[in-house]
Amino acid sequence: MARRPIALVTAAVLLLEAPGIVAINAVMARFVKAQSMSLDGMDPELMYTGTWALGIGSGALLLLCALVPLLAAVRDRRPGRPGRALLIGCAVVHGVLGAVAVGLLGWAAFAFLMGVVALIVLTLVAYGEGAADREPAATEAAQTA
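Computed from a prediction, not measured in an experiment: that's the story for all the values here. (Residues numbered from 1 in each chain as written. Predicted model: local features only at pLDDT ≥ 70, side-chain atom pairs only at ≥ 80, totals over all residues. Heavy atoms only, no water.)

### Describing the environment of tryptophan 52
- Inspection of the secondary structure assignment puts tryptophan 52 in helix H2 (residues 44–75).
- Owing to a relative accessible area of 30%, tryptophan 52 belongs among the partly exposed residues under this scheme.
- Apart from the residues lying within four places of it in its own chain, the contact partners of tryptophan 52 are Val22, Ala26 and Ala29. (Helix = DSSP H or I, 4+ residues; strand = E, 2+ residues; numbered from the N terminus. Buried < 20%, exposed > 50% of the residue type's maximum accessible area, 1.4 Å probe, protein only. Contact = heavy atoms within 4.5 Å.)

So, in structure tokens, the structure goes:
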């Protein structure tokens, strides 16, 4: 199975998605600041700062999520328990965002987000528990032949 290329593509997509999320939040922050938007009387400056903080935090989390499949591909070993939990959380968030995006942005955004979910799940399955058990046996059989 092509585990390394799958993990590398997953890492690349997550790495490219991180600055995109920061840019989207930067645009939203500009709109909030330009129109002095507030929510239930909140200070517009706090809304502006919160939007930037959410964008930077989301981008940093996506970079951290991209590091897990990148390390898995480089080491050709399955991620540890915290890494798998991080990837599962990332897949769940992408799934929820996809459900929201289909109504707000359309089917193209939904398809992109579901593609990211598929890559994350494929990475988790490719480096699953059973895959680690099968690989050494295949390598030993090739060496003895």
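### Regarding the layout of surface pockets
- The volume enclosed by the largest pocket comes to roughly 740 Å³.
- Glu17, Ile21, Ile24, Leu97 and Leu113 are the residues nearest the centre of the largest pocket, which is lined by 25 residues in total.
- At the level of elements, helix H1 (3–34), H2, helix H3 (81–104) and helix H4 (107–126) are the ones that each hand at least two residues to the lining of the largest pocket.
- No other element matches H3, which puts nine residues into the lining of the largest pocket. (1 Å grid on protein atoms, 1.4 Å probe; cavity = no way out; pocket = protein on both sides within 12 Å on 5 of 7 lines; lining within 4 Å. Points joined across faces, edges and corners; volume = space filled by probe spheres on them.)

### Considerations on the packing of H1 against H4
- Across the interface, H1 lies against H4 with an axial gap of 9 Å and an inter-helix angle of 140°. Between H1 and H4, the interaxial angle falls into the category oblique. The interaxial crossing formed by H1 with H4 has left-handed handedness. Listed contacts from H4 to Arg3, Ile6, Ala7, Val9, Thr10, Val13, Leu14 and Glu17 of H1 are Phe112, Leu113, Val116, Leu119, Ile120, Leu122, Thr123 and Ala126.
- Grouping the amino acids of the contact of H1 with H4 by side-chain chemistry returns 12 nonpolar, two polar and two charged. (Axes fitted to C-alpha atoms, helices over the stretch in contact; angles between N-to-C directions. Parallel < 35°, antiparallel > 145°, perpendicular 65-115°, else oblique. Left-handed = near helix turned anticlockwise from the far one by under 90°. Nonpolar A, V, L, I, M, F, W, Y, C, P; charged D, E, K, R; others polar.)

### Topic: the packing of aromatic side chains
- Summed over the entire model, instances satisfying the criterion amount to one aromatic pair.
- Summarising the aromatic geometry, the rings of tryptophan 107 and phenylalanine 110 are spaced 5.4 Å apart at their centres and angled 85° between planes, so their arrangement reads as edge-to-face. Taken together, the residues span about one helical turn, with tryptophan 107 and phenylalanine 110 both in helix H4 at a distance of three residues.
- According to the relative accessible area criterion, tryptophan 107 is exposed, its value standing at 62%. (Phe/Tyr/Trp six-rings, centres within 6.5 Å; stacked < 30°, edge-to-face > 60°.)

### Here's the deal with the nonpolar core
- Leu14, Ala18, Leu62, Cys65, Ala66, Val68, Leu87, Cys90, Ala91, Val116 and Ile120 form the largest nonpolar core, which has 11 residues in total.
- Within the residue set of this core, elements represented by two or more residues are H1, H2, H3 and H4.
- Tallying contributions element by element places H2 first for this core, with four residues.
- Contact partners of isoleucine 120, with chain neighbours within four places excluded, come to Thr10, Leu14, Leu87, Cys90, Ala91 and His94. (Core = buried A, V, L, I, M, F, W, Y, C linked by side-chain atoms within 4.5 Å.)

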